[in-house]
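For reference, the chains in residue letters:
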Amino acid sequence: QVQLVESGGGLVQPGASLRLSCAASGNIFSLYAMGWYRQAPGKQRELVAVLTSGVNTNYADSVKGRFTISRDNAKNTVYLQMNSLKPEDTAVYYCYADLRGYTGRRDYWGQGTQVTVSS
C-alpha cells in the first residue's frame, strides 16, 4: 500500500513564504516523478511543479522564479518552497507521484493541503 502524506500548508499574508512537504511510503520499487498540483475553488486542477527521477523540472509559468521544487531521494520526499506568495496562489495543493509499487506503475495522489494567501 503506497501513501503520500503532505504537510506544510496554512494561512499566510501576501509576500510570505511556505514550504510544503510530501513523503511517499509503502512498497515502492521505482519512483519516476514527484510533484505538486493545485486546485482553486471553481477551477480545474493544474500543474504547479514536477521533478523527474533525474534533475528535470517543469514549472507552471505562474510560479516560475517564485517556487522551487526539490527532492530527497533517500526519503522519497518532495518539497515545494513557495516564496513571494500571492492571493492567486490560494488553492488546495496535491502531491503527485508516478511510481512503481507492488501493483505496478501508476499515479498516486496525496489528500491535499490548503494554502491560503490573504491579508
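No experiment lies behind these values; they were computed from the predicted model shown.

Here we take up the overall build of the chain. Across its full length, the chain carries zero helices and 11 strands. Listed by position from the N terminus, the elements making up the chain come as β-β-β-β-β-β-β-β-β-β-β. Against the 2.2 N^0.38 benchmark of 14 Å for 119 residues, the chain shows a C-alpha radius of gyration of 14 Å, consistent with a compact globule. Looking at the chain as a whole, 42% of its 119 residues qualify as buried. Each charge sign in the chain was given a centre, from 12 positive and 8 negative side chains, and these centres are 3 Å apart.

Let's shift gears to the pairing of strand β1 (residues 3-7). Here β1 shows a clear split, with L4 and E6 buried on one side and none of Q3, V5 and S7 buried on the other. Summarising the sheet, β1 and strand β3 (residues 18-25) pair through five bridges and their orientation is antiparallel. Note that in β3 the partner of Q3 across the bridge is S25.

With that out of the way, let us pick up the environment of N58. For N58, the location among the structural elements is in strand β6 (residues 57-59). N58 gets classed as partly exposed once you look at its relative accessible area, which sits at 42%. C-alpha of N58 to C-alpha of G35: the two residues are 23 residues apart in sequence and 9.1 Å apart in space. Those residues in contact with N58, other than ones at most four positions away along the chain, are L47, V48, A49 and V50.

With that settled, consider the nonpolar core. Counting 31 residues, the largest nonpolar core has W36, L80, M82 and Y93 as its most contacted members. Here this core gets five residues from one element, more than from any other, and that element is strand β9 (residues 91-101).

This structure, assessed with the given rule, holds four aromatic pairs. On the basis of an interplanar angle of 70 degrees and a centroid distance of 5.1 Å, the ring pair of Y37 and W109 is categorised as edge-to-face. Taken together, the residues span a long stretch of sequence, with Y37 in strand β4 (residues 28-39) and W109 in strand β10 (residues 104-109) at a distance of 72 residues. Residue Y37 is classed as partly exposed on the basis of its relative accessible area of 21%. Over the ring of Y94 we find R45; its NZ or CZ atom is 3.8 Å from the centre of that ring.

Our next topic: the environment of G110. Structurally, G110 is set in the loop between β10 and β11 (113-117). For the pair G110 and Y93, spaced 17 residues apart in sequence, the C-alpha to C-alpha distance is 8.9 Å. Aside from chain neighbours lying at most four places away, what touches G110 is L4, E6, Y94 and C95.

About the criteria used
Residues numbered from 1 in each chain as written. Predicted model: local features only at pLDDT ≥ 70, side-chain atom pairs only at ≥ 80, totals over all residues. Heavy atoms only, no water. Helix = DSSP H or I, 4+ residues; strand = E, 2+ residues; numbered from the N terminus. Rg over C-alpha atoms; globule rule 2.2 N^0.38 Å. Buried < 20%, exposed > 50% of the residue type's maximum accessible area, 1.4 Å probe, protein only. Lys, Arg positive; Asp, Glu negative; His and termini not counted. Charge placed at Lys NZ, Arg CZ, Asp CG, Glu CD. Pairing = 2+ DSSP bridges. Contact = heavy atoms within 4.5 Å. Core = buried A, V, L, I, M, F, W, Y, C linked by side-chain atoms within 4.5 Å. Phe/Tyr/Trp six-rings, centres within 6.5 Å; stacked < 30°, edge-to-face > 60°. Lys NZ or Arg CZ within 6 Å of the ring centre and 35° of its normal.

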